[in-house]
Amino acid sequence: IDYVEITAAETLGVERRAAFYEDTGALRDMVTNHLLQLLTLTAMEPPVALDANALRDQKVQLLRAMHPMTVDEVKERTVRGQYAAGTIDGRPVPGYRAEAGVKAGSDTETYAAIDFRIDNWRWEGVPFYVRTGKRLSQRHTEVVVHFKRTPQALFARAPQQDPEPNRIALRIQPDEGITIDFAAKRPGDALRAIGVQADFSYAESFVGKVPSAYATLLLDVMRGDPTRFTRRDEVDAEWRIITPIEEGWAQLPAPAFPNYSAGGDGPADANALLGRGGHHWRPIAERACARDLEI
């Protein structure tokens, strides 16, 4: 595996939650729980059983393998942003600082992107990029696993003809499913590869409405099943990772907010964060991207 990216994008602004959000921001609101949960579930070792303690034991072990960042690492491996006015679904929306209840000149981040590293045998050297933001182009949550290129491009005569590396996208919401991107030979005498997708959608494959996430959690509460809930030592492990980022941001100069327009994919610095490793985000609005490769 080359790298993993985890995205939780929202089109909504702060709505009526400005009093809460001003003291919280994207890092504490989303990264600390939602995105770290997706990261641990993606990267943890298989539990010995499918029960609450076995599952959460593995998540805690994974979090303990993520070392807290220094201030210099926070500077190099994190990005924060705040949205300006823009357009969402064809309608104009105000910037964050113009939202009701937001302090004038607020430096609260509405976007956060972080390059997390897991210091264990399985994931050494594999970056886990996470990002979350408000007023982005689409509501979309997914985990994308990018595979490395093969050492030898058997189906290419030149580097520009090398097919894109394979990737697996696990779509969490709103269209739950799995997409696998890979290259296939186009029928015919010519040796021509084209990017294709194998797509699975829960909505298309199963009849009936899928329960909402909150409905599932409430049912677990009534059943007394703690599997989907964080344990005390897991919460402590999460904050051991997040607190140095907060402290680093407090010591570093604040970005010139706002630094991305509503309706886009976030600040340009988030692209540079991945670009340093030769990587790139999958566009938030992307569902299919086939590329003809004639060989």
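The structure under discussion appears in the preceding block.
Keep in mind that what you see is a predicted model, and the values were worked out from it rather than measured.

Trainee: Report on the environment of Val48, specifying residues and quantitative values.
Mentor: Turning to its location among the elements, Val48 is positioned in the loop between helix 2 (25–43) and helix 3 (52–64). Overall, Val48 belongs to the exposed group, its relative accessible area being 80%. Residues Val48 and Gln58, spaced ten residues apart in sequence, show a C-alpha to C-alpha distance of 9.2 Å.

Trainee: Which residues make up the pairing of strand 6 (residues 111–116), and what are the values?
Mentor: Within strand 6, six of the six residues are buried, leaving the element largely enclosed by the surrounding structure. Pairing of strand 2 (residues 78–81) with strand 6 involves four bridges; the strand directions are antiparallel. Bridging from a neighbouring strand, Thr78 pairs with Ile114 of strand 6. Both strand 6 and strand 7 (residues 128–133) contribute to a ladder of six bridges, which runs antiparallel.

Trainee: Which residues make up the pairing of strand 11 (residues 192–201), and what are the values?
Mentor: In the sheet, strand 10 (residues 177–185) pairs with strand 11 via nine bridges, with the strands oriented antiparallel. Bridging across to strand 11, Gly177 finds its partner in Ser201. Taking the residues that link successive antiparallel strands as the turn, the strand 10-strand 11 hairpin has six residues, and the phi of Gly188 there is positive, at about 130°.

Trainee: Kindly report on the packing of aromatic side chains, identifying the contributing residues and their values.
Mentor: Tallied over the entire structure, the rule returns ten aromatic pairs. A centroid spacing of 6.1 Å and a plane angle of 65° characterise the contact between Tyr129 and Trp281, whose relative ring orientation is edge-to-face. Note that Tyr129 is positioned in strand 7 and Trp281 in the loop between helix 8 (268–275) and strand 13 (292–294), a separation of 152 residues in sequence. One exposure class covers both Tyr129 and Trp281, and it is buried. Three or more aromatic residues joined by ring pairs form one cluster here, namely Tyr21, Tyr83, Tyr96, Tyr111 and Tyr260.

Trainee: Talk me through the pattern of salt bridges; I want residue IDs and the actual numbers.
Mentor: Tallying each qualifying case throughout the model produces 19 salt bridges. Ionic pairing is found between Arg17 and Asp29, a salt bridge with its closest N-O pair at 3.9 Å. Here Arg17, found in the loop between strand 1 (3–9) and helix 1 (18–22), pairs with Asp29, found in helix 2; they are twelve residues apart in sequence, far enough to count as distant. A residue is classified by how much of its surface remains accessible, and Asp29, at 12% relative accessible area, is buried. Among the ionic pairs, Arg135 bridges to Glu99, the shortest N-O distance being 3.6 Å. Residue Arg135 is located in the loop between strand 7 and strand 8 (140–146), and its partner Glu99 is located in the loop between strand 5 (91–93) and strand 6; the two are separated by 36 residues in the primary sequence. Judged on exposure class, the residue Arg135 and its partner Glu99 are both buried. Several salt bridges share partner residues, and in doing so they unite Glu142, Arg167, Asp181 and Arg282 into one network.

Trainee: Could you give me a rundown of helix 7 (residues 232–251), with the residues and numbers involved?
Mentor: Spanning 20 residues, helix 7 covers 29 Å between terminal C-alpha atoms, matching the ideal 28 Å at 1.5 Å per step. At Arg240, helix 7 shows its maximal bend, which comes to roughly 25°, and the proline Pro244 appears one to four places after that position. When we look at burial in helix 7, the residues that qualify are Glu234, Ala237, Glu238, Ile241, Ile242, Pro244, Ile245, Gly248 and Trp249. Lining the buried residues of helix 7 we find helix 2, helix 3, helix 4 (71–77), strand 2 and strand 6.

The rules behind the values
Residue numbering note: each chain is counted from 1, following its sequence as written. Per-residue local features are limited, in this predicted model, to residues with pLDDT of at least 70; the limit for side-chain atom pairs, both in listing and counting, is 80 or more; totals at the level of whole chains, interfaces and linings are taken over all residues. To get the side-chain values, all heavy atoms of the structure are used, and hydrogens and water are removed first. Secondary structure counts use DSSP, requiring at least four H or I residues in a row for a helix and at least two E residues in a row for a strand, with both numbered from the N terminus. In this scheme, a residue with accessible area under 20% of its type's maximum is buried, one over 50% is exposed, and one in between is partly exposed, where area comes from a 1.4 Å probe on protein chains only. In this description, strands pair whenever DSSP reports at least two bridges between them. Paired rings are identified among Phe, Tyr and Trp, the last through its six-membered ring, by centres lying within 6.5 Å, and are further divided according to the angle between planes into stacked (under 30 degrees), edge-to-face (over 60) and tilted (the rest). For this document, the term salt bridge refers to a Lys or Arg side-chain nitrogen within 4 Å of an Asp or Glu carboxyl oxygen. Take the residue count of a helix, subtract one, and multiply by 1.5 Å to get its expected span. Here the bend at a residue means the angle between the axes of two seven-residue stretches, the one that ends at it and the one that starts at it. Residue contacts follow a heavy-atom distance rule, with two residues in contact if any of their heavy atoms lie within 4.5 Å.

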